[in-house]
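In case you want the letters, here they are:
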Amino acid sequence: MDTSKREEHWRRTKSLMIVTLTIWFIFSFVVHWFAADLNSVNFFGWPLGFYMAAQGSEIVFVLTLFWFVKAQDKIDRDCDLAEED
Amino acid sequence: MAQKMAGGTFIENLPKIYGMYTGGFLVFVLLMAILEQMGVGADTIGILFVAFTIVIYAGIGFLSRTMAVDAYYVAGRQVPAVFNGMATAADWMSGASFVAMAGGIYFGGHGYLAFVVGWTGGYILVASLMAPYLRKFGCYTVPDFIGTRYGGNLPRFLGVVVLAVASFTYVTAQINATGTIAARALQIPFEVGVWFGLLGILLCSMLGGMRAVTWTQVAQYIVLIIAYLVPVFWMSNKQGFGLIPQFVYGDAVARITELEAFHGLGTLDPVAGAKGGLRALSVPFAAAGDTAMASWKFVTLVACMMLGTASLPHILMRYFTTPSVRAARQSVAWSLMFIFLLYFTAPALATFTKLQILDPELATGIIGKSIADVQALEWIQKWSNVGFAQIIDANSDGILQLNEFFMRGDIVVLATPEIAGLPYVISGLVAAGGMAAAMSTADGLLLAIANALSHDLYYKIIDPEAETRKRLLVARGLLLGIGAAGAFVASLKLTSILGAVAWAFDFACSGLFFPIVLGIWWKRANRQGAIAGMAGGFLAGTWYLYQVRFGGMDPWIGIDHLRFGIIGMPVSLVLMVVVSLLTPEPDAETQAMVDEIRVPSGETVLGSSH
């Protein structure tokens, strides 16, 4: 197997992992650290800090994950390392 | 279903089969509603709901029986991504999620939402760091990966120990929940209900292992999500909150904040004398603590739950059952989607229930009303009789104040249909949903423990020559034994449901998170490091839990017994890295193996039957 393809595949996989986990970190920790401040913002009736914990972060997680699956699949295909369909 | 192994036919027909099943279940619900109209008693309907669903699950379990090793351990690796997502969601959402979560939010407000965030975001870690690589590896169990990656029996054995402790803590709580629900629905004593619940759980898993558990979990997900969503939608539309309640309850949250001030939340003195497990409201709903300590407590709980999610073997092993690495990844996304449907509904449910109880302008409001009127309400009488609600007129003014009304958190899910005046058939449906949630999680956990003991301890360490038949008999014997041990411990009623559930996550992340992640992402990680990381993290976490919970030690900077993973994980990481760097790097063969699992295409590292 072509080692340069493998190296490219792993390099891009690592970058994708880092981007994904950065989004994860922001919406898991950073946003909630400042919940009390965000609560002064009114978001369609909700205090924003409460909203992010009750719904906002979870919506971001779901969207991020479907996006991640697509992006990783593209990396696999670009590098000819995807499984056969 | 018996032709499952005969090729693609069963798999191709899955949408049709489960579509018919869902239709059949809805017809059953309708039938119960008609029976109710005809005057059949509420008790009979409750019994029919629970009994009917358990018989269906047992039937699926029986039809999925198998004597093939890869069917027993990984469902033959042919579960499509979406269905595996449903099975994982049922595996994941326990009695605690179904019954206790909305009540926890009701009482705990913003602080409790750390569980909602923590129990969803962990799936990002599962998808990006773990599941696809473990699937490519081709292991049957999580210790199977640890044992092969690091080599030698000791890492494998430590993996089994952490898995068994974490999962057993968790399964006891689940058997407890099945016992509680069975006892109430079938009107039998709790101690009998626990064994009845275990019987249902074992009927689903004994004969068919992972294959049987997979197809019953899909069925259980369908029941539990219908049971959770129907009452909320019904109530929301009946009370005029709007068609899709999850998107419109912001104004209700704002109204609750007004009402809390109106009823004097935080200014009233606590009233003593409530029965055990009952609480009065004392925490504002939407406000977040504005101290660094409050934020710290929130994010540490989130961290333990998320990293615990990514280390719990009964979840990771669900992704061993997909047909490909790509399907494993897709399946994680679907799992989170299906879990999200329930988790973003729970805060909405808590909000509606709270508003209905607090708002004096609503017919259902009780706070600020005359105590004689409130005590005449049917749901207050019914739940007071079983010790779930209590009214104490502390200032003897005949008016119910906020600090004079006590209830158990479980009421928010179990009694809301009655509070909102929905027909009894909905309460029966909710009982069946709670039973499905607890049973499906208990099944996954029992199987995770029994599989690790039978595959890793018995077959890989004790008797590698054992033939297939004997291996599978041992696996079933262990399932029975561990289930009985769990039911016995549950019948002793030692811990509250929630405490035990959070501990399972802390045990798992303290001992397993870094050995699994670094095994994939850091080639330099070696056997000595893994042993130190697993044993050190697990022991440090356990020691801290013991000191804080039973030894009378003051928690360090707010890290209480729910968060002891915050102590275990850093110990595990540091030990693993330092010891790995001080000892020789893994051999070339191991490093090549790590390269191999990072690539989706090609054969799995371990053979399909090993």
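The structure displayed is predicted, hence computed values, not measured ones.

K.L.:
Just checking my understanding: could you explain the overall build of chain B for this structure?
P.N.:
Each helix and strand in chain B was counted, giving 26 helices and two strands. In terms of C-alpha radius of gyration, chain B reaches 24 Å, essentially the compact-globule figure of 25 Å for 610 residues. Viewed in the frame of its principal axes, chain B has a C-alpha envelope of about 80 × 55 × 40 Å. Burial status across chain B gives 58% buried among its 610 residues. Long-range pairs, those at least 24 residues apart, make up 83% of the contacts in chain B with a sequence separation of at least 6.

K.L.:
For this particular structure, what's the right way to read the overall build of chain A?
P.N.:
Check the secondary structure of chain A and you find three helices and two strands. In chain A, the succession of helices and strands from N to C terminus is α-α-β-β-α. Since a compact globule built from 85 residues should have a radius of gyration of about 12 Å, the 18 Å found for chain A marks it as more spread out than a globular shape. For chain A, the spread of C-alpha atoms along the three principal axes comes to 55 × 25 × 10 Å. Sorting the 85 residues of chain A into buried and exposed places 41% on the buried side. Counted over contacts in chain A with a minimum sequence separation of 6, partners at least 24 positions apart contribute 56%.

K.L.:
How do you make sense of the interface of chain B and chain A when you look at a structure like this?
P.N.:
Note on interface size: it is often stated as the accessible area lost on association of the parts. Counting residues at the interface gives 41 residues for chain B, matched by 38 residues for chain A. Secondary-structure elements contributing two or more residues to the side of chain B that touches chain A are helix 7 (113–137), helix 12 (250–262), helix 13 (292–309) and helix 15 (325–343) of chain B. Across the side of chain B that touches chain A, the residue classes tally to 26 nonpolar, 10 polar and five charged.

K.L.:
Would you explain the confidence of the model for chain A in this entry?
P.N.:
Parts of the prediction with low pLDDT should not have their coordinates interpreted in detail. The predicted model of chain A has a mean per-residue pLDDT of 93, with 99% of residues at 70 or higher. Of all secondary-structure elements in chain A, the lowest mean pLDDT belongs to strand 1 (residues 42–43) of chain A, at 88, while helix 3 (residues 48–78) of chain A reaches the highest, 96.

K.L.:
Please clarify how the confidence of the model for chain B should be interpreted in this entry.
P.N.:
Residue and element names in this part refer to chain B. Chain-level pLDDT for chain B is 89 on average; 97% of the residues reach the 70-or-more range. When pLDDT is averaged over each helix and strand of chain B, the minimum, 79, is found for helix 1 (residues 8–12) and the maximum, 97, for helix 25 (residues 565–582). Segment residues 1–7: pLDDT under 50, and 10 contacts once partners within four positions in sequence are set aside and those in other chains are kept.

K.L.:
Help me understand the environment of serine 580 of chain B in this model?
P.N.:
All names here are of chain B. Mapped onto the fold, serine 580 is located in helix 25. Counting along the chain gives 429 residues from serine 580 to glycine 151, while the straight-line C-alpha distance between them is 14 Å. Beyond its immediate chain neighbours, meaning those up to four positions away, serine 580 contacts Arg524, Ala525, Asn526, Gln528 and Gly529.

K.L.:
Quick question: what am I supposed to make of unusual backbone geometry here?
P.N.:
Most peptide bonds take the trans configuration, and most residues that are not glycine carry a negative phi. Residues and elements named next belong to chain B. Within the chain, alanine 75 stands out as a residue other than glycine whose phi angle is a positive 55°. Structurally, the position occupied by alanine 75 is in the loop between helix 4 (69–74) and helix 5 (81–92). Even without glycine at this site, isoleucine 557 takes up a positive phi of about 25°. Within the element layout of this structure, isoleucine 557 appears in the loop between helix 24 (527–549) and helix 25.

K.L.:
Hey, could you run me through the packing of helix 5 of chain B against helix 11 (residues 209–238) of chain B in this one?
P.N.:
A pair of packed helices can be characterised by two numbers: the angle between their axes and the separation between those axes. Residues and elements named next belong to chain B. Orientation of helix 5 relative to helix 11, taken along the N-to-C sense of each, is 70°, at an axis distance of 8 Å. The angle between helix 5 and helix 11 places the two elements in the roughly perpendicular class. From helix 5, Phe83, Met86, Ala87, Ala89, Ala90 and Asp91 reach across to helix 11, where they touch Thr214, Gln217, Val218, Gln220, Tyr221 and Leu224. By residue class, the composition of the contact of helix 5 with helix 11 is eight nonpolar, three polar and one charged.

K.L.:
Any chance you could explain the packing of helix 10 (residues 190–205) of chain B against helix 21 (residues 424–462) of chain B here in plain terms?
P.N.:
Residue and element names in this part refer to chain B. Packing of helix 10 against helix 21 leaves a shortest axis separation of 9 Å and a crossing angle of 60°. By the angle between their directions, the pair helix 10 and helix 21 is classed as oblique. Note on packing geometry: the crossing formed by helix 10 with helix 21 is right-handed. On helix 21, the residues that touch Gly200, Ile201, Cys204 and Ser205 of helix 10 are Met439, Ala442, Asp443, Leu446 and Leu447. Across the contact of helix 10 with helix 21, the residue classes tally to six nonpolar, two polar and one charged.

K.L.:
I would appreciate a short explanation of helix 10 of chain B in the present structure.
P.N.:
An α-helical segment advances 3.6 residues per turn. Residues three or four places apart therefore align on the same side. Residue and element names in this part refer to chain B. Helix length check: helix 10, at 16 residues, gives a terminal C-alpha distance of 23 Å against a target of 22 Å (1.5 Å per residue), a fit within 8%. Taken together, the buried positions of helix 10 are occupied by Gly193, Val194, Gly197, Leu198, Gly200, Ile201, Leu202, Leu203, Cys204 and Ser205. Looking at the buried side of helix 10, the elements it contacts are helix 3 (42–63), helix 9 (153–186), helix 11, helix 21 and helix 22 (468–491).

K.L.:
I would appreciate a short explanation of the environment of glutamate 12 of chain B in the present structure.
P.N.:
All names here are of chain B. Mapped onto the elements, glutamate 12 comes out in helix 1. Among the residues examined, glutamate 12 registers 11 C-beta atoms within 10 Å and is labelled exposed. With 14 residues separating them along the chain, glutamate 12 and leucine 26 place their C-alpha atoms 23 Å apart.

K.L.:
How should I be thinking about the environment of alanine 280 of chain B in this particular structure?
P.N.:
All names here are of chain B. Of note, alanine 280 is situated in the loop between helix 12 and helix 13. C-alpha separation for the pair alanine 280 and threonine 321, spaced 41 residues apart in sequence, amounts to 45 Å. Residues contacting alanine 280, with those up to four places away along its chain left out, are Val271, Leu402, Asn403, Phe405 and Phe406.

K.L.:
Help me understand the nonpolar core, please; the structure alone is not making it clear to me.
P.N.:
The tendency in soluble globular proteins is for nonpolar side chains to be buried side by side. Formed by 237 residues in total, the largest nonpolar core has its most connected members in Leu65 of chain A together with Met130, Leu134, Leu224, Val332, Leu446 and Ile449 of chain B. The dominant element in this core, judged by the number of residues it contributes, is helix 21 of chain B, at 21 residues. Sequence-distant contacts of methionine 130 of chain B, that is, excluding residues within four places in its chain, are made with Leu125, Ala310, Leu316, Ile516 and Val517 of chain B.

Criteria and thresholds
Residues numbered from 1 in each chain as written. Chains lettered and ligands numbered in written order. Predicted model: local features only at pLDDT ≥ 70, side-chain atom pairs only at ≥ 80, totals over all residues. Helix = DSSP H or I, 4+ residues; strand = E, 2+ residues; numbered from the N terminus. Rg over C-alpha atoms; globule rule 2.2 N^0.38 Å. Buried ≥ 20, exposed ≤ 12 C-beta atoms within 10 Å, placed from the backbone. Contact = placed C-beta atoms within 7 Å. Nonpolar A, V, L, I, M, F, W, Y, C, P; charged D, E, K, R; others polar. pLDDT = per-residue confidence, 0-100. Axes fitted to C-alpha atoms, helices over the stretch in contact; angles between N-to-C directions. Parallel < 35°, antiparallel > 145°, perpendicular 65-115°, else oblique. Left-handed = near helix turned anticlockwise from the far one by under 90°. Expected span 1.5 Å × (residues − 1). Core = buried A, V, L, I, M, F, W, Y, C linked by C-beta atoms within 7 Å.

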